[in-house]
Amino acid sequence: MTLNNQAAFDAAQKLFAGGVNSPVRAFKSVGGTPPFIDRGEGGYLYDIEGKRYIDFVQSWGPLILGHANQSVIDAVVRTAKKGLSFGAPTLLESELAELILSIYDCLDKLRFVSTGTEAVMTALRLARGATGRDLIVKFRGCYHGHSDSLLVEAGSGAATFGAPSSLGVPSDFAKLTLVAEYNDLASVQKLFDERGGAIACVVIEPIAGNMGLVPADEPFLQGLRALCDRHGALLIFDEVMSGFRAALNGALGWTRVRPDIVTFGKVIGGGMSVAALGAKREIIDNLSPIGKVYQAGTLSGNPVAMAAGVATLRTLIDTPNIYDTLGARAQRLVGGFAAAAREKNIALQTAVRGSMFGFFFSGKPVRDFDGALASDAARFAAFHGAMLKRGVYLAPSQFETGFISTQTSEAMIDEAIAAARSAP
Ligand SMILES: *Cc1c(COP(=O)(O)O)cnc(C)c1O
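Everything numeric here is computed off the predicted structure, so don't read it as measured data.

Draft legend 1. Just the sheet that holds strand 18 (residues 402-403), in detail. Strand order in the open sheet made by the 3 strands is 15-16-18, with antiparallel pairing throughout. Looking along the sheet, the strands with just one partner apiece sit at the ends: strand 15 (349-353) and strand 18. Of the pairings in the sheet, the one linking strand 16 (residues 356-360) to strand 18 comprises 2 bridges and is antiparallel in character. Each residue of the ladder has a partner; that of Phe-357, found in strand 18, is Gly-402.

Here you go:
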């Protein structure tokens, strides 16, 4: 048995490309060896060396109730004993859908899928099928999973047509993805002026969490809504990260704009593979078997995963003021980081949206991807390493968002702030 992280990582390199099954886990942008996780308990993670960490990653967002939450585990075990998968309708699917739709009342119906990638990929196909148009607009710095159409960013600020940001994405696909600048309505206006009649949809993280935490401005979102309406395009909010995270109703708790399609993932599965897309009836009924937009999944609506989602969302819905408490802790954490930085004369920008928090080592407020890229990556890497050593597990890249769970106690926040103070 391997008992240390380095030996485990060395062995994993022989089994997986880069030693991991999802790239950022390899710690490439901060250096060092990723801890191999043995177990999680509430707000803590334990690695195979027995070291304990305060966890601000929470499986990249899903675990808003912390690790191994008793009601979630009980629901999973109870359901698993009845069988793992049937590929046939179950009541649990309807139960989870009703919970989601009771909160997102701008949506009529859902379809469950297994990953956020699949949800957004399907949302695009639906938008294209419903409008009969091919072009999509996305924003630099937004991540929507790794489907071909969305692994595209502008090669430079001046580029209008997308260039693939991964090998293996045919340039003919990438050409159908137009790229605009986050929080810059003029860049979207320009695309609509040129190609408005051919644009099926605009897809956005209304609270961007994949270039660090960069919320969209309200006037910008309202401008997107108006442009879509004027040109007959659909507005897709990718709330895979922010849904049931930034507020119970995600980004909708922070904007008056209502999208045509919403994608979900992460929190709605409570740590299991669940994602979904939702829309008004007349849009989503374009999906097969009613409509002509095809989509399917062997494990879609998996009962064990649905049970985890139901237990998670019920707790979130039934606990009064839960997001206020989470938000206050997130504010106190980044406030403490900012004070620690000030003491050392280091410039720090912070942002909070409910249980999501972000910080950039930058002298200027960050509003878009260029702003995020201009922050000090070397300083982030050093800070990350120092925090990890002090038992604080932050996402190993400055282009990620941190998370507070209901199990992240005030004492853990104090400890993390003290670690930031003592970090060099
Ligand atoms: C995580 C994420 C995805 C992709 O979800 P996966 O389950 O990893 O495929 C898509 N969009 C956003 C906004 C995300 O944060």
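That shown, we press on.
Draft legend 2. View of the sheet that holds strand 1 (residues 37-41). With respect to topology, 4 strands assemble into an open sheet ordered 1-2-3-17, the strand pairing being mixed. Edge positions in the open sheet fall to strand 1 and strand 17 (392-393), since each of these has one partner strand only. By the bridge criterion, 2 bridges tie strand 3 (residues 52-55) to strand 17 in an arrangement that is parallel. Each bridged residue has a counterpart across the sheet, and for Asp-55 the counterpart in strand 17 is Tyr-393. Where helix 13 (residues 410-422) meets the sheet, it contacts strand 2 (44-47), strand 3 and strand 17, and its direction lies at approximately 105° from that of strand 3.

Draft legend 3. Summary view of the site of the ligand. Near the ligand you find Thr-115, Gly-116, Thr-117, Tyr-143, His-144, Gly-145, Glu-205, Asn-210, Asp-238, Val-240, Met-241 and Lys-266, and these make up its full shell. Here Gly-116 contributes a backbone N or O atom positioned 2.8 Å from an oxygen atom of the ligand. One of the side-chain nitrogen or oxygen atoms of Asp-238 is found 2.7 Å away from a nitrogen atom of the ligand. In the complex, the protein chains occlude 82% of the 380 Å² of accessible area that the ligand would expose alone. For the shell around the ligand, the per-class residue count stands at 3 nonpolar, 6 polar and 3 charged.

Draft legend 4. Region of the structure containing the packing of aromatic side chains. Under the counting rule described, the total for this entry stands at 17 aromatic pairs. Plain terms: the ring middles of Phe-139 and Tyr-182 are 6.2 Å apart, the flat faces sit at 90° to each other, and that makes the pair edge-to-face. Remark: Tyr-182 occurs in the loop between strand 8 (177-180) and helix 6 (185-195) and Phe-139 occurs in strand 5 (residues 135-139); sequence separation between them is 43 residues. According to the relative accessible area criterion, Tyr-182 is buried, its value standing at 1%. Look at Phe-359 and Phe-383: their rings are 5.7 Å apart centre to centre, the planes differ by 85°, and that puts the pair in the edge-to-face class. Here Phe-383 lies in helix 12 (residues 377-389) and Phe-359 lies in strand 16, a separation of 24 residues in the sequence. Counting every residue linked through ring pairs, the aromatic cluster contains Phe-337, Phe-359, Phe-361, Phe-380 and Phe-383. The ring centre of Tyr-46 lies 4.0 Å from the NZ or CZ of Arg-39, which sits over that ring.

Draft legend 5. Structural context of the nonpolar core. Phe-112, Phe-139, Phe-244, Phe-264 and Phe-357 are the most contacted members of the largest nonpolar core, which has 106 residues in total. Counting residues per element, this core draws most heavily on helix 10 (residues 322-343), which supplies 10 residues. The next biggest cluster of nonpolar side chains, apart from the first, holds 19 residues, and it includes Ile-236, Ala-279, Ile-283 and Val-293.

Draft legend 6. Region of interest: the pairing of strand 5. Taken across its 5 residues, strand 5 has 5 buried, putting it largely inside the fold. Across the two faces of strand 5 the burial is the same, with Leu-135, Val-137 and Phe-139 and Ile-136 and Lys-138 all buried. Pairing geometry for strand 5 and strand 9 (residues 199-204), over 3 bridges, is parallel. Among the inter-strand pairings, Val-137 is bridged to a residue of strand 9, identified as Val-202. Direction of pairing for strand 5 relative to strand 8: parallel, over a ladder of 4 bridges. For Lys-138, the partnering residue across the bridge sits in strand 8 and is Val-179.

Draft legend 7. How the structure looks around the side chain of Arg-111. Checked against the element boundaries, Arg-111 lands in strand 4 (residues 109-113). Side-chain polar atoms of Arg-111 contact the backbone oxygen of Ser-288, separated by 2.8 Å. Beyond its immediate stretch of four places on either side in the chain, Arg-111 contacts Ala-275, Ala-276, Leu-277, Ile-284, Leu-287, Ser-288, Pro-289 and Gln-295.

The rules behind each value
- Residues numbered from 1 in each chain as written.
- Predicted model: local features only at pLDDT ≥ 70, side-chain atom pairs only at ≥ 80, totals over all residues.
- Heavy atoms only, no water.
- Pairing = 2+ DSSP bridges.
- Helix = DSSP H or I, 4+ residues; strand = E, 2+ residues; numbered from the N terminus.
- Contact = heavy atoms within 4.5 Å.
- Axes fitted to C-alpha atoms, helices over the stretch in contact; angles between N-to-C directions.
- Near = heavy atom within 4 Å.
- Polar contact = N/O pair within 3.5 Å; in protein donor to acceptor, adjacent residues only side chain to side chain.
- Areas by Shrake-Rupley, 256 points an atom, 1.4 Å probe, with all protein chains shown as cover.
- Nonpolar A, V, L, I, M, F, W, Y, C, P; charged D, E, K, R; others polar.
- Phe/Tyr/Trp six-rings, centres within 6.5 Å; stacked < 30°, edge-to-face > 60°.
- Buried < 20%, exposed > 50% of the residue type's maximum accessible area, 1.4 Å probe, protein only.
- Lys NZ or Arg CZ within 6 Å of the ring centre and 35° of its normal.
- Core = buried A, V, L, I, M, F, W, Y, C linked by side-chain atoms within 4.5 Å.

All quantities given are derived from atomic positions and should not be read as evidence of function.
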